[in-house]
Amino acid sequence: MKTIADRLIEDEGLRRGVGRLTPEKIQKVFKELVAGECGARMKTYMETCVRCGMCAKACHYYMSHKDPSYTPVAKVSQTMWRLFDADGKVDPEVIYQCAQVAYTECNLCRRCIHYCPLGIDTGYIISVVRRLCHKLGVTPQYIQDTAHSHSATMNQMWVKDDEWPDTLQWQEEEAREEFPGLRIPLDVEGADFMYSVIAPEPKFRTQLIYQAAAIFHAAGVSWTMPATPGWDNSNMAMFTGDSEIMARVERAHYEAAQRLRVKRIVMGECGHAFRAVYDVANRWLGWKWHPVPVVHSVEFFWELIQQGRIKLTHKFAEPVTIHDPCNVIRGRGLMEKLREVVHFLCDNVVEMTPNREHNYCCCAGGGVINCGPPFKNVRIVGNSIKAEQLKATGVHWCIAPCHNCHGGLDDIISKFDLNMHTKFLGDLIYELMEKPE
Amino acid sequence: MHALYDLAVGPLAWLAFAVFILGSIYRLMSMRALALKKDAAFVAYISWPHAIRSLIHWVTPFGALGWRENPGVTIVTFLFHICLFVVPLFLMGHIVLFDTFHGWSWPALPDGVADTLSIVVVLACAYFLWRRLSVPEVRFVTRSHDWLVLALVGATFLTGVLAYHRIGDNLFMTTLHVLCGEAMLVAIPFTRLSHMLFGFFSRGYIASEFGSVRFAKDW
Ligand code: HEM
Ligand code: HEM
Ligand code: SF4
Ligand code: SF4
Ligand code: SF4
């Protein structure tokens, strides 16, 4: 049977990383990792998996490739079991394979948890494999670059300290042509909420900042954005396995909110950023809950609509479908609020199946899309199941409140000629709302 | 052979039950201690109401997405596991032994029913064996350990059935059955069969995360 060894893809970062390793080094780091960071969860998962294969059908990689080496349990078999069987003493080439599986063949989407009777969290096991690879210095080139950027600049895209306020000012100026009284309030202490976004927004999706400002302006809310590092809520270090940088990034984000004495943080339409802020990094920092409450845009828009702060001139008439991003659905249970917002905006909603918590992942998340061009094809071909799911709806518009999902879905849509377009909630609200003079 | 039989139903049976019970307690307690020591940031989220809500779905046939999408395995595994507990606990042959040695007795299943259920278990094992050999995604992840635990369970039930039907030398078959049963009991705390001990907790934990942190169902 084919295994990961039969589909290795050359990546400079991985190749350079394994070049520095020996079996002894690997074993030392593996043992330290297991002794230091793994506990009862890992032990139970390693011991009790009954190899029943029920999780196979959970994973879009398996459902698309129909190759047994892509099932959740096969990914664990080709990585963690192998390492445990050898007590960590493996050939550097094995680490190359582990890294390719862990970084590029699992989105940590947690769909398999709905399939495994024992509740084995494959996403967790795979993230520990990534942690090992990170400690061994074996990470894909592209995603490592974003982690370096986090560490050097506290944002993901090498945005310089002066570029950030410049970009906001530029968007403010643009928007003031449409809404003369509009402001993008920078560093306003005591505002109701801090709005944080991912670094790709100021870098190349500035219209999203423009739209958010327009919506907040129309809704008449009190908000601010930080002028200092901490404005970027994304966190690729979480996905490379670099927990130390992950925690620094998250601390900066929360501290920006605390410095501004806001009541809460509202996060833009991104899934993985929400996972980092809400679920992962807080634990690494030793905080059970969040020093400042955080809400995702889906929930925030829902609130604005509930309060009657957004009024529409008309509804979107063409049929739309909804993609449930794992990180805010399986990760935060926003499925019903998302639907209420979409139904408020659109007349004709066609659900894809399966949906809500059972939705298939877009195959971009978990840092996979960030591993860049070398792995792009596997990721797109590896999600023909999603293409079929989209196609079956027969609609031309797909709403997805997550950046990564947009990337992943757009790739699938063009590869499989689906004649579809993706939309953020912000896109639609901006397009449909009553705009103040 | 008689001596071996006496040994098997006497001291070895004591030993097997002791290892099974004490071993299970030890495994559970030491896993708990490890969790408290190393997984504090995860133990903190355990929520029994959410765990129980999810477990109710998971112990219901077709009550979870994984069961619905794997109907064959679901039917077989539910039959298998139910019979696995019901047969040995309510088997006349077993109750008689407890009665003889300890004077304990409780209602038994009619022999014919127990026999049928035992055969169901043997057939279920055959099904698992077939899956391991021919379903690619199962075969890909099968290791020697999996054959071992399946063989322990299968052999115990098969020899039990053969002994009951007086197939082969009865004393030999019964002795073999008792030894297999004891080996299986001893294996529960220390092999993959420990999923019996830990399964509810691993499911309950992830259900707590989903229920109390992520507000999403996990079934
Ligand atoms: C301490 C260990 C055990 C002893 C001493 C023991 C003893 C016996 C005896 C004396 C019989 C009756 C055989 C006959 O009628 O000739 C029997 C049957 C059987 N036992 Fe056990 N047993 C043990 C463990 C187990 C275990 C652990 C299981 C399964 C989990 C099991 C399953 C069965 C089955 C399926 C039958 C046959 C029932 C039938 O076809 O009617 N036994 N056992
Ligand atoms: C309350 C306790 C138990 C629970 C919740 C449980 C649950 C499960 C589940 C969910 C599976 C996977 C589905 C499948 O492939 O059939 C499984 C498989 C299995 N269980 Fe259990 N189990 C329990 C107790 C036991 C016991 C006591 C034994 C034997 C002593 C056992 C033996 C097996 C075997 C051999 C398999 C693997 C079948 C295969 O090869 O695919 N289980 N169990
Ligand atoms: S991609 Fe999702 S379903 Fe597949 S193994 Fe990873 S977490 Fe599980
Ligand atoms: S469903 Fe769970 S127990 Fe079965 S093979 Fe997958 S991870 Fe292992
Ligand atoms: S990109 Fe979207 S669908 Fe994919 S893992 Fe992230 S949230 Fe899930």
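Nothing here was measured: the structure is a model prediction, and the numbers come from that model.

**A word on the sheet that holds strand 6 (residues 397-399) of chain A**
Residue and element names in this part refer to chain A.
Here's step 1: In space, the three strands of this open sheet follow the order 5-6-7, with parallel pairing throughout. Both outer strands of the open sheet, strand 5 (320-322) and strand 7 (421-423), are each paired with one neighbouring strand and no more. Shown here is a sheet whose adjacent strand axes are inclined to one another by a mean of 30 degrees, direction ignored.
Here's step 2: The pairing of strand 6 with strand 7 spans three bridges and is classified as parallel.

**Regarding the site of ligand 4**
Here's step 1: Taken together, A:C49, A:V50, A:R51, A:C52, A:G53, A:C55, A:V73, A:C116, A:P117 and A:L118 make up the full set of residues near ligand 4.
Here's step 2: Here the residues of the shell around ligand 4 sort into eight nonpolar, one polar and one charged.

**Observations regarding the domain arrangement of chain A**
Residues and elements named next belong to chain A.
Here's step 1: Annotation of chain A at the domain level lists domain 1 (4-139), domain 2 (144-304) and domain 3 (310-432).
Here's step 2: In this structure, domain 1 and domain 3 have C-alpha centres spaced 28 Å apart.
Here's step 3: Contacts between the two partners involve 23 residues from domain 1 and, on the opposite side, 24 residues from domain 3.
Here's step 4: At the boundary of domain 1 with domain 3, total buried surface from both sides reaches about 1900 Å², with 63% on carbon and sulfur atoms.
Here's step 5: The tally of links between domain 1 and domain 3 comes to zero salt bridges.
Here's step 6: On the surface where domain 1 and domain 3 come into contact, there are eight residue pairs in polar contact (both at pLDDT 80 or more).
Here's step 7: At the level of secondary structure, the elements contributing two or more residues to the side of domain 1 that touches domain 3 comprise helix 4 (60-65) and helix 6 (92-104).

**A look at the interface of chain B and chain A**
Here's step 1: In this assembly, 49 residues from chain B lie in contact with 60 residues from chain A.
Here's step 2: Each partner contributes to the roughly 4600 Å² buried at the junction of chain B and chain A, and carbon and sulfur atoms together form 58% of this total.
Here's step 3: A per-residue breakdown of the area chain B buries against chain A is headed by B:E137, B:F140 and B:R214, which together make up 15% of the total.
Here's step 4: Where chain B touches chain A, the interface holds six salt bridges.
Here's step 5: Of the charged contacts in the structure, one is a salt bridge between A:E47 and B:R27, with a shortest N-O distance of 2.8 Å.
Here's step 6: Taken together, chain B and chain A are joined by 33 residue pairs in polar contact (both at pLDDT 80 or more).
Here's step 7: Elements represented by at least two residues in the side of chain B that touches chain A include exactly helix 2 (11-38), helix 3 (40-43), helix 5 (65-69), helix 8 (111-134), helix 9 (136-139) and helix 12 (195-213) of chain B.

**Details of the layout of surface pockets**
Here's step 1: Space inside the second largest pocket adds up to approximately 840 Å³.
Here's step 2: Taken together, 35 residues form the lining of the second largest pocket, with A:R41, A:Y124, A:S127, A:V280 and B:F42 sitting closest to its centre.
Here's step 3: Those elements that provide at least two residues to the lining of the second largest pocket are helix 2 (23-37), helix 7 (122-135), helix 12 (236-240), helix 13 (243-259) and helix 14 (271-284) of chain A together with helix 2, helix 3 and helix 12 of chain B.
Here's step 4: A total of six residues in the lining of the second largest pocket trace back to one element, the largest contributor, which is helix 7 of chain A.
Here's step 5: Split by residue class, the lining of the second largest pocket holds 15 nonpolar, five polar and 15 charged.
Here's step 6: Built from parts of two domains, the lining of the second largest pocket gets at least three residues from each of domain 1 (4-139) and domain 2 (144-304) of chain A.

**As for the sheet that holds strand 4 (residues 294-296) of chain A**
Residue and element names in this part refer to chain A.
Here's step 1: Spatially, 2-1-3-4 is the arrangement adopted by the four strands of the open sheet, whose pairing is parallel. Taken across any chain shown, the strands that pair with only one partner, and hence form the sheet edges, are strand 2 (223-224) and strand 4.
Here's step 2: Of the pairings in the sheet, the one linking strand 3 (residues 264-267) to strand 4 comprises three bridges and is parallel in character. For M267, the partnering residue across the bridge sits in strand 4 and is H296.
Here's step 3: In the packing of helix 14 onto the sheet, contacts are made with strand 3 and strand 4, and the angle to strand 4 comes to roughly 160 degrees.

**Digging into the site of ligand 1**
All names here are of chain B.
Here's step 1: Within the structure, ligand 1 sits among 20 residues, and L91, H94, D115, R166 and H177 are positioned closest to it.
Here's step 2: With respect to ligand 1, the side chain of D115 contributes an N or O atom lying 2.9 Å from an oxygen atom.
Here's step 3: In the environment of ligand 1, an oxygen atom lies 3.1 Å from a nitrogen or oxygen atom belonging to the side chain of R166.
Here's step 4: Here the shell around ligand 1 gets six residues from one element, more than from any other, and that element is helix 10 (residues 144-164).

Cut-off values and rules
- Each residue is numbered by its place in its chain's sequence as written, counting from 1.
- Whichever chain is written first is A, and whichever ligand is written first is 1; the rest continue in order.
- Local features in this predicted model are restricted to residues of pLDDT 70 or higher, and side-chain atom pairs are both shown and tallied only at a pLDDT of 80 or more, whereas totals for entire chains, interfaces and linings draw on every residue.
- The side-chain quantities take in all heavy atoms of the structure and omit both hydrogens and water.
- In this analysis, strands are considered paired if DSSP registers two or more bridges between them.
- In this description a helix means any DSSP run of H or I spanning at least four residues, a strand means any run of E spanning at least two, and both kinds are numbered starting from the N terminus.
- Between the N-to-C directions of two axes lies an angle of 0 to 180 degrees, each axis being a line fitted to C-alpha atoms and, for a helix, fitted only over the stretch in contact.
- Being near a molecule or strand, for a residue, means having at least one of its heavy atoms within 4 Å of it.
- Lys, Arg, Asp and Glu make up the charged group, whereas Ala, Val, Leu, Ile, Met, Phe, Trp, Tyr, Cys and Pro make up the nonpolar group; the residues left over, Gly among them, are polar.
- Note: domain ranges come from an automatic or database domain assignment.
- Residue contacts follow a heavy-atom distance rule, with two residues in contact if any of their heavy atoms lie within 4.5 Å.
- Reported buried area values correspond to the accessible surface (1.4 Å probe) lost by two parts on association, with both partners' losses combined.
- Here a salt bridge means any side-chain nitrogen of Lys or Arg lying within 4 Å of a carboxyl oxygen belonging to Asp or Glu.
- Two N or O atoms count as a polar contact when they lie within 3.5 Å, although within protein this holds only if one can serve as hydrogen donor and the other as acceptor, and sequence-adjacent residues are included solely when both atoms are side-chain atoms.
- Only protein atoms enter the 1 Å grid used here. Points where a 1.4 Å probe fits but cannot escape make up a cavity, open sets with protein on both sides within 12 Å along at least five of seven lines make up a pocket, and a residue lines them when an atom lies within 4 Å of a point.
- Grid points are joined across faces, edges and corners, and a volume is the space filled by probe spheres set on the points.

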